[in-house]
Amino acid sequence: VLGPVTDLEVVNKVIAPDGYSRSTVLAGGTFPGPLIAAQKGDQFRINVINRLNDTSMNTTTSIHWHGIFQHQSNWADGTAFVTQCPIQPNGSFLHSFVVNEQAGTFWYHSHLSAQYCDGLRGPLVIYDPNDPYAHMYDVDDESTVIVLSDWYHPLSPQLYTGPFNPDSTLINGLGRYPNGTASPLAVVNVTQGKRYRFRIVGASCDPWFNFTIDGHPMTIIEADGNLVEPVVVDSIPVYAGQRYSVVITANQSVGNYWIRALSNHPNQTFEGGQSSAIFRYEGAPDQDPTTQHGPYILPFDESALHPIHKAGAPGIPQPGKADININLIPGLRGGQAQYTINNVSFVDPSLPVLLQILSGAVHPSQLLPNGSVYVLPFNKTVEISMPATDLTPGGALGGPHAMHLHGHAFDVIRVAGNGSYNFVNPVRRDTVSLGLQATNDNVTIRFVTDNPGPWFFHCHNDWHLHNGFAVVMAEAPSEAAIQESKLAPTAWWQLCNATQHN
Ligand code: C2O
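Since the structure is predicted, the reported quantities are computational estimates derived from the model, not experimental observations. (Residues numbered from 1 in each chain as written. Predicted model: local features only at pLDDT ≥ 70, side-chain atom pairs only at ≥ 80, totals over all residues.)

On to the sheet that holds strand S33 (residues 470-475), then. Spatially, S23-S33-S32-S27-S30 is the arrangement adopted by the 5 strands of the open sheet, whose pairing is mixed. Edge positions in the open sheet fall to strand S23 (373-376) and strand S30 (431-433), since each of these has one partner strand only. Adjacent strand axes in the sheet meet at a mean angle of 20°, parallel and antiparallel pairs treated alike. (Pairing = 2+ DSSP bridges. Helix = DSSP H or I, 4+ residues; strand = E, 2+ residues; numbered from the N terminus. Axes fitted to C-alpha atoms, helices over the stretch in contact; angles between N-to-C directions.)

What follows covers unusual backbone geometry. The omega torsion of the bond from Gly-294 to Pro-295 falls at -5°, within 30 degrees of zero and hence cis. Of note, Pro-295 is situated in the loop between strand S19 (276-281) and strand S20 (324-327). Residues Leu-368 and Pro-369 are joined by a peptide bond in cis, for which omega reads 0°. Positive phi, normally seen in glycine, also occurs at Asn-343, with a value near 70°. Checked against the element boundaries, Asn-343 lands in the loop between strand S22 (338-341) and helix H2 (353-358). Asn-343 gets classed as exposed once you count the C-beta atoms within 10 Å, which come to 9. (Buried ≥ 20, exposed ≤ 12 C-beta atoms within 10 Å, placed from the backbone.)

Across the sheet, which stays open at both edges, the 6 strands sit in the order S10-S9-S12-S17-S14-S15 with mixed pairing between neighbours. The sheet is open, and its two edges are formed by strand S10 (168-171) and strand S15 (226-233), each paired on a single side. Between one strand and the next, the sheet's axes are offset by a mean angle of 25°, whatever the strand orientation. Inspection of the sheet shows strand S9 (residues 141-151) paired to S10 by 4 bridges, in the antiparallel sense.

Core analysis: the largest hydrophobic core is formed by 135 residues, its most contacted members being Leu-148, Ile-200, Ile-220, Val-238, Val-246, Val-472 and Ala-474. Ignoring sequence-local partners within four residues, the contact set of Val-246 consists of Phe-198, Ile-200, Met-218, Thr-219, Ile-220 and Ile-221. (Core = buried A, V, L, I, M, F, W, Y, C linked by C-beta atoms within 7 Å. Contact = placed C-beta atoms within 7 Å.)

In structure tokens, the structure reads:
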């Protein structure tokens, strides 16, 4: 049974989330876009309608549902040039998919060029009414979603070649910039004595944020849509694309406390309420907090995150002993601000990879863009390792980079900042930081190719993606073609529908 269709309009609008007015690209006319909430098992029917007309930015678009597996609905992934053509102005694309394996915190964003830096990003939460682990975190309220984003005063086309310096940090769409007005900040209201689940969404285009709440440690219970055994920390690094759920007890005296999300960009500070929001107890005055941050004594350690489902990584528990082992080496093409993976920079193909597959291409040599498409056989364990490349002799690479794989969550068998491998209880997530070259990081992930279709694998720094930091994992292309032909025959026509009508 198909659910009702919900329209999601993509529009241009002038907004001033930090007090500075600029034209933007928004989902539903707000920043962040509207919260899309659903329950495990729900059928999504979202019709994305392109109403863009500001030609100083991209006027085509697409929307990707970050972290959703799209099992048997690869065509609905929303990835321009990989699973569909961009949606043309006044065109639309109906995304129809079922989320029956997943619950937790996700988000959606434009997947065209660096368009989400112009605004098109919003939260997506899947609730599980029958969550078998609900007793473990037993909260009074789980309605709070905290969207962290960087914000730029120039429009994205002016920033394509860098430098990628954000003007401000927005928390739930509000922030302040240096020497700007003290514009309103986001307020999270709490009641003394109650326990809360906060969902934190790293909707960044570039920086990572160090997330803290003055005076309130946080218990992490979810990473990227996967429940983890509870770990108490007082700070969390949130990389572009990552999400966390934390449990917080409002057990301090009634007052205002800073929520802080300091980015790794040197021009960002806490001065005058920048990079901040307000954690406000019921009964506290409507004022900026005066609380101090730190000392931080419960540091975050990614290797201490363990899945609540005691799954363990697939395959033989030794590095390089999966069925398929791939090393991907990031690089930068001298002087051109062009990123590479194994010396190839991703260039948008004119025909989306999925349509190439549906037209019969199955071998790497047949699939475009040349050298960027990796063909993976069906039902095998794949291991991908990537060294950190934060610096090169020629200049900065802008790391640490956060790599995201579509269509899967993966086991991080070697996290950044820890040289050992964990095959027993590695964290499972969909976006991972590659860490720093200085610590010899060689982040390694594993997953099973049980989801046919071409899946983008890329740096979630949207500027880096725009500049070629991506590959496509073409998973079981023959099976994908059969699956798509059986399950979505009526959907094919729309993949490049707008192009046909040009
Ligand atoms: Cu969050 Cu390729 O996407």
